[in-house]
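# Inside the fold
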Amino acid sequence: MTHTPGNGRAEQAARITVKPWYRQLYVQVLVAIVIGVVLGWRWPDLATAMEPIGTTFITAMKMLIGPIVFLTIIGGIVGVADLKKVGRTGIKALTYFQVGTIAALLTGLVAINIFRLGDGVHADPSTLKTSGDASQYVSQGEHQHWWEFLTNIVPNSFFGPFVEGNILQVIFLAVVFGIAIKMVGKTGEPIIAAVGRLTEVVFKVLSFVMKAAPLGAFGAMSYAIGKFGLSTLTSLGSLILLFYATSALFVVVVLGGVLALYVRLNIFQLFRYFKEEFWLILGTSTAEPALPGLMRKLQFMGAERSTVGLVVPTGYSFNLDGAAIYLSLATLYIAQATDTSLSVGQQLGLLAVMLLTSKGAAGVAGGGFIALTATLSTVGSVPAAGIMLIFGIDKFMSECRALVNFFGNAVATLFVAKWENGLDVERARAVLSGKAGEPPLTTEAETEAEDVRPVAALPAPQTAEVPS
């Protein structure tokens, strides 16, 4: 669906739904997080029983992520007139992803080398026993090699990646099918139309699931606090604090610098623009529920639909800045805590391995620990059992990882869109400053049924709408 003057869609884009503050999703999620924290603190047994509520919501989201990634990447490819542009955009995105990952890894390495929080722990690796989920992650990580990232990207069957939730393989299938559909010409036109219609249906299903986001955030936060307790936060509080501080510094200085110097946009305005997604990620500890909102809002800012459709889903597997910071911090902390001496050369070798292992477990449950164990097992100099030193606080670091990943992908998409001359920078500035109103939060049919008010009119971006 393309915006054209006079067809009513431009007027539709210039209106937003009026909702009371208590009906705003981010407000409801924030309240649910607070209630979950209080419940976990005061009644931990009851709070732990809330786990199924959070896991059911996250499972429902994961159910839709595969189809959303598959359809949006195909839509992005077939929406480009020249396949050469698809390849050019993909190469630019992957180049940015690798440079960003290296910057994140180096940020973590520098931070842990400066503060050296593991010194003085003197943990004996032979006494560290893995159990429960940690044992499973270690087992998976020990059998995962750095090169498996390249070989495992090709699935055994078409439906396997969707069933297993392997996003890397879904991306591979989407790229192959998107290029094939584009190359068959008129024969593929009915399929292109079907992809567009099916995308709308999937996003409509997603809108149903998102109504349960406050419940999901409540269940996840209640369980986390009730299971691990606030005391876990204080036992290794210095490491948690360093991770959060390092991540904040990376987002504000590195990502903010890229955004300001090249795209000419303000990172703090971007924070405000994505406030709904921020609270949703904080409550659920995963960036997946925020993917549709990220795509919709980037298009509303004036980024080309084809660029958003290619870069955002790919970035969810290839551009994991938060996971990269976590990997470097955790690896060096374990080395310091187990009195394992690593030279500068060995640390740079670890960085090279992490460039691949950080992507090898994307979209897999416990992916952070699997990637960490795979890194330690590949290098061999740091005991993999050392992950038990940080297993208890991993849950409280996952929110930060997801948030950094999210904003990293937002900046990456804006950067690549500007690089490809596919970003209306003036409109983006107007949207971030609040002069263009908020992006519509409902589909067109729902918007017509609710009260709306006019906002400052700006030319609608020449992109197709993404249903919320």
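The structure under discussion appears in the preceding block.
Cut-offs used in this document
Residues numbered from 1 in each chain as written. Predicted model: local features only at pLDDT ≥ 70, side-chain atom pairs only at ≥ 80, totals over all residues. Heavy atoms only, no water. Helix = DSSP H or I, 4+ residues; strand = E, 2+ residues; numbered from the N terminus. Buried < 20%, exposed > 50% of the residue type's maximum accessible area, 1.4 Å probe, protein only. Contact = heavy atoms within 4.5 Å. Areas by Shrake-Rupley, 256 points an atom, 1.4 Å probe, with all protein chains shown as cover. Expected span 1.5 Å × (residues − 1). Arc of directions from axis to C-beta. Phe/Tyr/Trp six-rings, centres within 6.5 Å; stacked < 30°, edge-to-face > 60°. Lys NZ or Arg CZ within 6 Å of the ring centre and 35° of its normal. Salt bridge = Lys/Arg side-chain N within 4 Å of Asp/Glu carboxyl O.

For the chain, the count of helices and strands is 22 helices and 2 strands. Counting the 468 residues in the chain, one finds 53% classified as buried. The contacts in the chain between residues at least 6 apart in sequence include a share of 84% that link residues at least 24 apart. Accessible area of the chain: about 20,000 Å², with a carbon and sulfur share of 64%.

This paragraph deals with helix α10 (residues 189–210). The end-to-end C-alpha distance of α10, which contains 22 residues, comes to 31 Å, matching closely the 32 Å that a straight helix rising 1.5 Å per residue would cover. Looking at α10, one finds that the buried residues are Val195, Thr199, Val202, Phe203, Leu206, Ser207, Val209 and Met210. Down the axis of α10, the buried set is contained in an arc of 155°. They therefore lie on one face. Residues of α10 that are exposed and point more than 90 degrees away from the buried face comprise Pro190, Arg197 and Phe208.

This next bit is on the packing of aromatic side chains. With the rule as written, the count across this model stands at 17 aromatic pairs. With a centroid separation of 4.9 Å and 35° between ring planes, the pair formed by Tyr96 and Phe415 is classed as tilted. Taken together, the positions of Tyr96 in helix α5 (residues 83–115) and Phe415 in helix α20 (residues 394–419) put the pair 319 residues apart, joining distant regions of the chain. Residue classification places Phe415 among the buried residues on the basis of a relative accessible area of 16%. Summarising the aromatic geometry, the rings of Phe243 and Tyr244 are spaced 6.2 Å apart at their centres and angled 85° between planes, so their arrangement reads as edge-to-face. Taken together, Phe268, Phe271, Tyr273, Phe274, Phe406 and Phe407 form an aromatic cluster joined through their ring pairs. The cationic tip of Lys297 hangs over the ring face of Tyr273; the distance from NZ or CZ to the ring centre is 5.4 Å. Across from the ring centre of Phe300, 4.7 Å away, lies the NZ or CZ of Arg427, which sits over that ring.

Okay, the side chain of Asp321 next. Along the polypeptide, Asp321 turns up in helix α17 (residues 321–337). On the basis of relative accessible area, Asp321 is assigned to the buried category, the value being 1%. Setting aside residues no more than four positions away along its own chain, Asp321 makes contact with Gly100, Thr101, Ala104, Phe250, Leu255, Val404, Asn405 and Gly408.

Next up on the list: the pattern of salt bridges. One pass over the full model with this rule turns up 7 salt bridges. The partner of Glu277 in a salt bridge is Lys297, and the shortest N-O contact between them spans 3.0 Å. Here the residue Glu277 occupies a position in helix α14 (residues 275–284), and Lys297 occupies one in helix α15 (residues 291–301), the gap between them amounting to 20 residues. According to the relative accessible area criterion, Glu277 is buried, its value standing at 5%. On the basis of relative accessibility, which here comes to 1%, the residue Lys297 falls in the buried class. Close ionic contact of Glu426 with Arg429 constitutes a salt bridge, the shortest N to O distance being 2.9 Å. Of this pair, Glu426 and Arg429 both sit in helix α21 (residues 425–432), separated by 3 residues, roughly a single helical turn. Within the structure, one salt-bridge network assembled from shared partners comprises Lys275, Glu276, Glu277 and Lys297.

Taken by themselves, the reported measurements are silent on function.
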